[in-house]
Amino acid sequence: MNRRFCFTLDLVDDPEMILAYEKHHEAIWPEVRQSFVDAGILKLELYRWETRLVMIFEVDDSFSFERKKLIDESNPVIQEWEKLMSTYQKPLPNSAPGEKWVLMKKIFST
């Protein structure tokens, strides 16, 4: 059975920047897409309401957060993508220093 994780993050409150962020996600870089596959992410979805983003990962048994981090940190293209995306993103209140995406607590499921 696949596992699912949900994260949240805020965008900078600027309509032009939000539009640009969405445009980047209409055609993510191939290396970014491949990094998801390499990490065991079967499906990734992003949702937005105003400046709030929600990201849902569906992963296979090979996925671990440690492995995903190693894959991302060893790939200069992913580091470039993350640097670019960081210009549009802002940390949530009460997030840890340097933390971008915050893992959400699952409180209900059917």
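Cut-offs used in this document
- Residues numbered from 1 in each chain as written.
- Predicted model: local features only at pLDDT ≥ 70, side-chain atom pairs only at ≥ 80, totals over all residues.
- Heavy atoms only, no water.
- Buried < 20%, exposed > 50% of the residue type's maximum accessible area, 1.4 Å probe, protein only.
- Helix = DSSP H or I, 4+ residues; strand = E, 2+ residues; numbered from the N terminus.
- Arc of directions from axis to C-beta.
- Contact = heavy atoms within 4.5 Å.
- Pairing = 2+ DSSP bridges.

A. Structural context of helix H3 (residues 65-73). All buried positions along H3 are accounted for by Lys68, Ile71 and Asp72. Taken down its axis, H3 places every buried residue within 95 degrees of arc, on the same side. Turned more than 90 degrees off the buried face of H3, the exposed positions are Glu66, Lys69 and Leu70. Next to the buried residues of H3 lie helix H2 (30-39), strand S2 (41-49) and helix H4 (76-86).

B. View of the pairing of strand S1 (residues 3-11). Where S1 and strand S3 (residues 52-59) come together, eight bridges link them in antiparallel fashion. Note that in S3 the partner of leucine 9 across the bridge is leucine 53. Where S1 and strand S5 (residues 102-103) come together, two bridges link them in antiparallel fashion. From the neighbouring strand, threonine 8 faces S5, where its bridge partner is valine 102. With two bridges connecting them, S1 and strand S4 (residues 89-90) associate as antiparallel partners. When the bridges of S4 are listed, leucine 11 appears paired with glutamine 89.

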